[in-house]
Amino acid sequence: MALSSLLSLLKTTRVELYTLQGDATAAMSAGFVVTPRKVLALGAHPDDIELGCGGSLVKLNESGCQLHAAIFSRCSDETPDEPTLRAREFELAAREVGVKRPLLFDFPNRELPEHRHDMMHEMEKLQAMVEPDLVFIPFLEDPHQDHETVARAAARTFRRRETILQYEIIRYGSHSFTPSLFIDISATLDRKIAALSHYRSQFKRRAYFDEESFRSLARTRGAQSGYDYAEGFVVYKMFW
Ligand SMILES: [Zn+2]
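Computed from a predicted structure; not experimentally measured. The residue numbering used here restarts from 1 in each chain and proceeds along that chain's sequence as written. Reporting of local features is limited, given that this is a predicted model, to residues whose pLDDT is at least 70; pairs of side-chain atoms are given and counted only at 80 or more, and all residues count toward the totals for whole chains, interfaces and linings.

Caption draft 1: Region of the structure containing the sheet that holds strand S5 (residues 163–167). If you trace the 7 strands from one edge of the open sheet to the other, you get S3-S2-S1-S4-S5-S7-S6, paired in mixed fashion. The sheet is open, and its two edges are formed by strand S3 (103–104) and strand S6 (181–184), each paired on a single side. Should DSSP find at least two bridges between two strands, the strands are taken to pair. Going along the chain from the N terminus, every DSSP run of H or I of four or more residues is numbered as a helix, and every run of E of two or more is numbered as a strand.

Caption draft 2: The nonpolar core, seen in detail. As used throughout, a nonpolar core is a set of buried Ala, Val, Leu, Ile, Met, Phe, Trp, Tyr and Cys residues joined through C-beta atoms within 7 Å of each other. Counting other C-beta atoms within 10 Å of its own, a residue is labelled buried from 20 upward, exposed at 12 or fewer, and partly exposed in the gap between, with every C-beta atom placed from the backbone. Core analysis: the largest hydrophobic core is formed by 53 residues, its most contacted members being Ala41, Leu42, Val135, Phe136, Ile137, Val150 and Ala154. Of the residues forming this core, the biggest block, 6 residues, is contributed by helix H3 (residues 48–62). Any two residues are considered in contact once their C-beta atoms, placed from the backbone, lie within 7 Å. Ignoring anything within four residues of it in the chain, the contact list for valine 135 reads Leu40, Leu42, Ala154, Phe158, Glu162 and Ile164.

Caption draft 3: A look at the packing of helix H4 (residues 85–97) against helix H7 (residues 189–196). Inter-axis angles, ranging from 0 to 180 degrees, are taken between N-to-C directions of lines fitted to C-alpha atoms, where helices are fitted over the stretch in contact. The N-to-C vectors of H4 and H7 enclose an angle of 165°; their axes lie 8 Å apart at closest approach. Taken together, the axes of H4 and H7 lie roughly antiparallel to each other. For the pair H4 and H7, the crossing hand works out as right-handed. Contacts between H4 and H7 involve Ala93, Glu96 and Val97 from the first element and Arg191, Ala194, Ala195 and Leu196 from the second. For the contact of H4 with H7, the class distribution of residues is 5 nonpolar, no polar and 2 charged. Roughly parallel means an angle under 35 degrees; roughly antiparallel means over 145; roughly perpendicular covers 65 to 115; every other angle is labelled oblique. Rotating anticlockwise by less than a right angle from the far helix to the near helix defines a left-handed crossing, while the corresponding clockwise rotation defines a right-handed one. In this count, Pro and Cys sit with the nonpolar residues alongside Ala, Val, Leu, Ile, Met, Phe, Trp and Tyr, while Asp, Glu, Lys and Arg are called charged and the others, Gly among them, polar.

Caption draft 4: Quick peek at the pairing of strand S1 (residues 38–43). With 5 of 6 residues buried, S1 is to be regarded as a mostly interior element. Here S1 pairs with strand S2 (residues 66–71) via 6 bridges, running parallel. Across the sheet, residue alanine 41 finds its bridge partner in S2, namely alanine 69. Note on handedness: a clockwise path from strand one over the helix to strand two, with the strands aimed away from the viewer, defines a right-handed crossover. Read as a crossover between parallel neighbours, the route from S1 over H3 to S2 is right-handed. Here S1 pairs with strand S4 (residues 134–138) via 3 bridges, running parallel. Bridge pairing in S4 places leucine 40 opposite valine 135.

Given below as structure tokens:
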């Protein structure tokens, strides 16, 4: 093949994958992208994962992927009268999206940067146990120090042939997130919202935590990508 043709093919493929004029599933079945089999979603707090990639997890689960999810703080300080409340909410929400055995570590809320080394040690154990081929992490530039710490620790830990996608957590200060990959969640948005509805402690407590926010963000990402509803991601690394 002439070099110009090869470059043209690569350019076309890249356009399909990254501007998403094409269908990601078609790209996968065409062999451009390795179809994930084992998926690991990492979050700092209960609700991070469902907010960021809940619809995609349901979709991956329905396509036969094995799902694993872990959070690093139980946020027991936020509900002192009921310290296990947020942990229980996470267990219900994670099961709702298809995670059979949600994992919870107990690092202190808002102090994750001071525990980065120990968190990486736990991530190494997860890497050995799960052997994921797709890892969802928070946005590396998320202004929340706990989200950023989980993201940076994961980017350093998962250095094998894992695809790493950064997800979006809607909250104040998260406006700099610009997605480069969109996953169609039109068929799974309702399950995502059902999962988020388990976080009873968060409704009314946080300005961004309501069904209208969840739907409008999904609709915005859908409008940007030609789907009815979508979740947006920033690719950290990907192999094809
Ligand atoms: Zn969080």
